[in-house]
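# Inside the fold
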Amino acid sequence: MAKSIKELARLSGQGRRRENTSLFIVLFFLFFLVSAGTTWFSISRETEKQQRLDACGEWKAAVFHVDKEFADEIISNPANIRIGISRIAGIVLGPEAKEKIKELEKIGEEIIKMPKESWEKPYQSLLEAGMTGMGISEGELNAYLGGGNLLGTLDEGARELGRITVEEGAFPENINEIAMTRTCLLRMGYEERLGQEISFLVYSGENTASNDNMETRFQEKKYRLCGILTDYGGGWNSKGYDVASAIITDKAAEAYSWDPFYHVLTDVNGSVSDTIQIYGMPDKSMDTIHHFAYNYYSYDFFGTVDYSYLGMTLLIVFLGSAVVIFQMMGIQMKKRSRQVGLLKAIGATDKQVRAILLREMSTVIVRALPFGALAGFIIVPSVLWLSGIARILGLVFSLDIPLWCGGLLTGCLIAYIGAMIPIKKGSKIPIRGEIAPKIRRIKPLKKEKRYTGGKLTAGRDSGWFRVCVVILMTVMTFLVFFVLYQTGKKMIPYNNGERALTYELSFQGKYSGNNMNDTLLERIRKIPGVEAVYTGKDDLDSDLYLSFNGVENNELERLRKNWHSPPYSFHEDYKQRKGEALVNLKGIYTGWEQNMEGLEEWIEEGEFDKDLFESGQEIILFLPPYRDRDYHAMITGMDKVEINTDKRYRRFFELEQTVKPGDVVTLTVRAQEQDGNGNLTCSLEKKIQVKVGGILRYLPQDIKNPLWNNNLYYNQYHLKPYTVIAGGGLVDQLRQISVELEQKLKIQNLKDKKDAIISEVGEEIYQILLEEAISGESASSVNVKSEGTPYDSVKIVCNNSATQSTEGTIQNLSSLYGFLCNANYESFEVWKEEYNISLNRSILFMAGAVTGGCVFLCFLLQMVESHLSEDKRHFGIFQSLGIRRKDMLWSYFLRGLKNSILALSISQGFLFLWVWLSNRTIIGKISPYAFSGKTEKILYWYDTCFGTYNWFLHLLFCSCFLLIGIIIYLMPLGGVLKNSPVENIRELGE
């Protein structure tokens, strides 16, 4: 009997090939989406894991900067699985270290000559005395001498646990060989060429020397470069611990006159708390715990939250597929009622009928499973790698086999569950079957009208069937538009630069040499994940004012006059000045190409002359449109004058035109001294005249903009009336003036307060202070800004492919070049987490849209095909009456077009309703008095609701849905009309 059931199932499947093809398509999409989803998840999770381990290493616990006794205690712990040891011999100092040491020793000689009563403690070396004279502590000496690279050893375990690799060459094997990172070589001024001789000064560090004499803590060494290492990621700096970036052999480390300290990396089983307990950290002193660290990012639990997105996606796929399979099998059971009746007539039981139908279903599943699974497994990696996305994002191929197989098996189970209820119901059909032919009448027409194909068939697609078709199409279109809106809202801010990851490197003064050059900029620009690099040279130690003919009538000047209101109350004295406006300064380095991108295009008035601009003969003024705020719309912290930087709102604001391109304006540098009550005690100033070359009115709203910074990027809470954009030559000139004025002001202040100072510190100290101020040698009168250099700050804009390695390389470069970096590992993790959440949700939305679209499309095709197949006999009658095939196709073409238009209209309404509901809180917070009228209010509402919406894709999808609505009718109808009228009419006898 089993063999008979198998044969009957095979014959039944062959007889229902068309219906089974539709079922095959649905199952194919089910397995394809499951396979594609799990494949993408495996690739995404493995990529994130490998990038995390590349940046942070595989070690789970480590001790840094410890002696051999403590290192042996950690190494001997029986819980260790893998161990890595690094012996740190010292710190590699920069090429300018020797000159700086001589300077310190020279200062030390002067201090030693001073009376011993003035010493706080006896000095054991000139270097130590010079450090005291310069105010440099032992901890700051490393940075002052250009240090930042550790010299040490790495055994095999440390290389493996730290993910430390060699890009070129090999790790050292001989005592005279060394391997260094590219950043270390660049900082030392050496080429990336293997075999060259490397010479540098090594500093033992503040806690490693065997004696306290500072001079014995330095040793000059020479090595041969045998390998170039990959730069380490930011994870190594997450707790302030460094790893050796200049690698030597153990014998070379032992050749130094001081004892090395140890870094020990370990791998253990267990959670973070288990790791802390394994090494007994709770029982250790705070000084010991300070040297211990655990690598949070190497534990297995990190990143498991990603399963929630995969689970939600698969849930949508499974539910949608189950519903479609349920509906399709229900329609099939209705069609196959006669077949079931015949099986019952020859003695088949309900159980045997179910077995035949389930075996037929299994055959379709077995056929669809390999095709769908392989298609998802092959297409996803192919698209990622062939399109170049994998290269850009640094994807790593991986497939979680248990997850992949589990998803496919669950898909098979869902398919059986979706088909079980209709099959169980169909197996109970009685012997007589359930065929109940419906009788329909053609509505008579008036005598003067003809029975055309369209009029005859128009009544065949009305009522509840059309309602169901329109509802399904509405849901499908709204689903796509909803995903398009939500995805744009989440991802476009990252793609257009609004939420780009940025870092700022600032000049450190005494810790930097002449490092502000194109070499640093080129090196940063080549870091993977960096999109743009801009420079800055902005601040003065004194105030800068602008004056020109008509400045008193300049409407923007009202902002200056309103500084008695918060938050400008500390500028109370400035409002008394006539004919001047306090301005901001933005210096542009014209020699760096990215600084100049878009600058000429943004100048709306005047012309840009690069040579005159760089030399300081011309400036660019930023004078944005303005208007008064209605006092009803003002809240705490707002200014009375509102600035606009968006061209679309041009007509709602006024332009200040009292100064024009070609006018000569005066820049005044003013140094001032105030008493404790804020009253002006003395003031010095110097004026220079420059020509206005161009005027900027608007700036791009994203941070991918060389002029963007905290002083120039405007919003409604932070407004400034003027900004002078100048070349490097003018900025240097203004800075020199500022230094001179500050020095003169100090001398004048000392003279004015002579009696008070003498009574406090004595005549001798007063004379010393006065002589230092006059000679310009006082540290307080030295401008720490770099003069004659192209820039003193760097802004780095990263793209969405930035990783921990990107941040780590930026941190290393900034440290080695003597810059302060505002980066911290936690801020990067927050940005990356927010970006990943937005990306994963966007992928989830898109996967849901694809799934829902495929499910509803298959259901529509199956439903329309079933509906038209039931009416074969009617189409046969129409054909026998002489109605042409073309007329019937045209009638259903119009029907599909009308249904599509109706569904699109309804879905647009639901989309606008969703947009309003999701943004009504934001819109409701804006006061109606903040707008000049209804036009601006509507424009603002549009920007708030649809500012990130892609209308081109919207129109493209609308066109596609119109075609889909027509095709779902014409494809099944074309198959029906291929038969002859006799074959279609024969359906009456069934």
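Rules behind the numbers
- Residues numbered from 1 in each chain as written.
- Predicted model: local features only at pLDDT ≥ 70, side-chain atom pairs only at ≥ 80, totals over all residues.
- Heavy atoms only, no water.
- UniProt positions renumbered as here; feature names shortened; annotations may be inferred.
- Helix = DSSP H or I, 4+ residues; strand = E, 2+ residues; numbered from the N terminus.
- Buried < 20%, exposed > 50% of the residue type's maximum accessible area, 1.4 Å probe, protein only.
- Contact = heavy atoms within 4.5 Å.
- Areas by Shrake-Rupley, 256 points an atom, 1.4 Å probe, with all protein chains shown as cover.
- Arc of directions from axis to C-beta.
- Salt bridge = Lys/Arg side-chain N within 4 Å of Asp/Glu carboxyl O.
- Patch = residues over 30% accessible without salt bridge, like charges linked within 9 Å, V, L, I, M, F, W, Y side chains within 5 Å.
- Axes fitted to C-alpha atoms, helices over the stretch in contact; angles between N-to-C directions.
- Left-handed = near helix turned anticlockwise from the far one by under 90°.
- Pairing = 2+ DSSP bridges.
- Disulfide = S-S within 2.5 Å.
- pLDDT = per-residue confidence, 0-100.
- Polar contact = N/O pair within 3.5 Å; in protein donor to acceptor, adjacent residues only side chain to side chain.
- Core = buried A, V, L, I, M, F, W, Y, C linked by side-chain atoms within 4.5 Å.
- Parallel < 35°, antiparallel > 145°, perpendicular 65-115°, else oblique.
- Nonpolar A, V, L, I, M, F, W, Y, C, P; charged D, E, K, R; others polar.

Where an unreviewed UniProt entry is consulted, the protein chain appears under the name FtsX-like permease family protein, with the organism given as Fusibacillus kribbianus. Per UniProt, the comment on the protein chain under Sequence similarities (unreviewed entry) is "Belongs to the ABC-4 integral membrane protein family."

### Things to note about the overall build of the protein chain
When you go through the protein chain residue by residue, the secondary structure sums to 33 helices and 24 strands. Per-residue burial for the protein chain yields a buried fraction of 51% across its 990 residues. Put simply, 83% of the contacts in the protein chain that link residues at least 6 apart link residues at least 24 apart. Surface summary for the protein chain: the accessible area is close to 47700 Å², and the carbon and sulfur share equals 56%.

### Some thoughts on helix H13 (residues 337–345)
Of the positions making up H13, those classed as buried are Ser 337, Val 340, Gly 341, Leu 343 and Lys 344. Projected onto a plane normal to the axis of H13, the buried residues spread over an arc of 160° and lie on a single side. Those residues of H13 that are exposed and angled more than 90 degrees off the buried face are Leu 342 and Ala 345. Phi turns positive one or two residues past the end of H13, at Gly 347, with a value near 105°.

### Quick look at the pattern of salt bridges
This structure, assessed with the given rule, holds 18 salt bridges. Residue Arg 224 is joined to Glu 177 by a salt bridge in which the shortest nitrogen-to-oxygen separation is 2.4 Å. In this pair, Arg 224 is assigned in strand S7 (residues 218–229) and Glu 177 in strand S5 (residues 177–181), connecting sequence segments 47 residues apart. Arg 224 gets classed as partly exposed once you look at its relative accessible area, which sits at 33%. We note a salt bridge from Glu 936 to Arg 627, for which the minimum N-O separation is 2.9 Å. Pair noted here: Glu 936 is in helix H31 (residues 934–946) and Arg 627 is in strand S18 (residues 626–628), with a separation of 309 residues, a long-range link. Assigned by exposure class, Glu 936 and Arg 627 land together as buried. Within this structure, Glu 58, Lys 60, Arg 82, Glu 160, Arg 163 and Asp 267 form a network of salt bridges that share partners.

### With respect to a nonpolar patch on the surface
On the surface, Leu 902, Ile 906, Phe 910, Leu 913, Trp 916 and Leu 917 cluster together to form a nonpolar patch covering roughly 550 Å² of accessible area. Take Leu 917: it is sitting in helix H30 (residues 885–925).

### Let's talk about the packing of helix H29 (residues 872–880) against helix H32 (residues 951–977)
When two helices pack together, their arrangement is given by the angle between the helix axes and by the axis-to-axis distance. Orientation of H29 relative to H32, taken along the N-to-C sense of each, is 65°, at an axis distance of 10 Å. Once H29 is placed against H32, the crossing between them reads as right-handed. Across from Lys 872, Phe 875 and Gln 879 in H29, the residues of H32 making contact are Leu 973, Val 976 and Leu 977.

### Comments concerning the side chain of Thr 275
You can see Thr 275 is positioned in helix H10 (residues 272–278). Apart from the residues within four sequence positions on either side, Thr 275 is in contact with Lys 60, Ala 61, Val 268, Phe 292 and Tyr 299.

### Regarding the sheet that holds strand S12 (residues 530–536)
Taken together, four strands build an open sheet; the order of strands is S12-S23-S11-S24 and the sheet is antiparallel. In this open sheet, the two strands that pair with only one neighbour each are S12 and strand S24 (819–821). This sheet shows a mean twist of 20° between the axes of neighbouring strands, independent of strand direction. Two strands pair when backbone bridges link them, and S12 and strand S23 (residues 793–798) are joined in this way by six bridges, in the antiparallel orientation. Within the sheet, the bridge partner assigned to Ala 532 lies in S23 and is Val 797. Packed on one face of the sheet, helix H19 (residues 518–525) meets strand S11 (501–507), S12, S23 and S24 and runs near 155° to S12.

### Section: the state of the cysteines
Scanning the model with the defined rule gives zero disulfides in all. The structure places no disulfide on Cys 960, whose sulfur is separated from the nearest cysteine sulfur, that of Cys 958, by 9.2 Å. Of the residues examined, Cys 960 reaches a relative accessible area of 35% and is grouped as partly exposed.

### Concerning the UniProt feature "transmembrane region" (unreviewed entry) in the protein chain
With numbering matched to this structure, UniProt assigns "transmembrane region" (unreviewed entry) to residues 21–43, 307–329, 364–389, 401–423, 464–485, 843–864, 892–917 and 951–971. The span residues 364–389 carries 92% helix and 0% strand; its end-to-end C-alpha distance comes to 35 Å. Segment residues 951–971 splits into 100% helix and 0% strand. End C-alpha atoms: 30 Å apart.

### Overview of the environment of Thr 410
Here Thr 410 lies in helix H16 (residues 401–426). The spacing of Thr 410 and Phe 318 is 92 residues in sequence and 8.5 Å in space, taken between C-alpha atoms.

### Points about the confidence of the model for the protein chain
With 76% of its residues at a pLDDT of 70 or more, the protein chain has an overall mean of 76. The secondary-structure element of the protein chain with the lowest mean pLDDT is helix H20 (residues 557–561), recorded at 46, while S5 shows the highest, at 91. Counting contacts from residues 777–786, a segment whose pLDDT is below 50, to residues more than four positions away or on other chains yields 22 contacts.

### Re the side chain of Glu 58
As for its placement among the helices and strands, Glu 58 is situated in the loop between helix H2 (17–56) and strand S1 (61–66). Judged by relative accessible area, Glu 58 falls into the buried class, the value being 18%. For Glu 58, the side chain forms a polar contact with the side chain of Arg 82, separated by 3.1 Å. With near-sequence residues (within four places) excluded, Glu 58 lies in contact with Leu 53, Arg 82, Glu 160, Leu 161, Arg 163 and Ser 298.

### Some thoughts on the environment of Val 202
Tracing the backbone through its elements, the reader meets Val 202 in strand S6 (residues 197–203). For the pair Val 202 and Arg 217, spaced 15 residues apart in sequence, the C-alpha separation works out to 8.1 Å. Not counting the four nearest positions on each side in its chain, Val 202 is found in contact with Gly 90, Ile 91, Leu 151, Arg 217, Phe 218, Gln 219, Lys 221, Tyr 256 and Trp 258.

### As for the nonpolar core
Side chains of a nonpolar character, in soluble globular proteins, are inclined to be buried together. Within the largest apolar cluster, 75 residues are counted, with the highest numbers of intra-cluster contacts made by Leu 27, Ile 325, Met 361, Val 469 and Phe 875. The leading source of residues in this core is helix H12 (residues 306–335), at ten residues. In terms of nonpolar packing, the next biggest core, distinct from the first, is built from 30 residues, Leu 546, Ile 619, Leu 623 and Leu 730 among them.

### Describing the pairing of strand S15 (residues 584–588)
For S15, the tally of buried residues reaches five of five residues, placing the bulk of the element in the interior. Of the two faces of S15, the one holding Asn 584, Lys 586 and Ile 588 and the one holding Leu 585 and Gly 587 are both buried throughout. Two elements, S15 and strand S22 (residues 723–727), share five bridges in a ladder whose sense is parallel. Within S22, the position partnered with Lys 586 by the bridge is Ile 725.

### Things to note about the packing of H30 against H31
It is the contact of H30 with H31, at a shortest axis distance of 9 Å, that shows an interaxial angle of 110°. If you check the angle between H30 and H31, you find them roughly perpendicular. Counting all contacts with H30, which are made through Phe 912, Val 915, Asn 919, Ile 922 and Ile 923, the residues of H31 involved are Trp 941, Thr 944, Cys 945 and Phe 946. Each residue belonging to the contact of H30 with H31 can be placed in one class, and the counts come to seven nonpolar, two polar and no charged.

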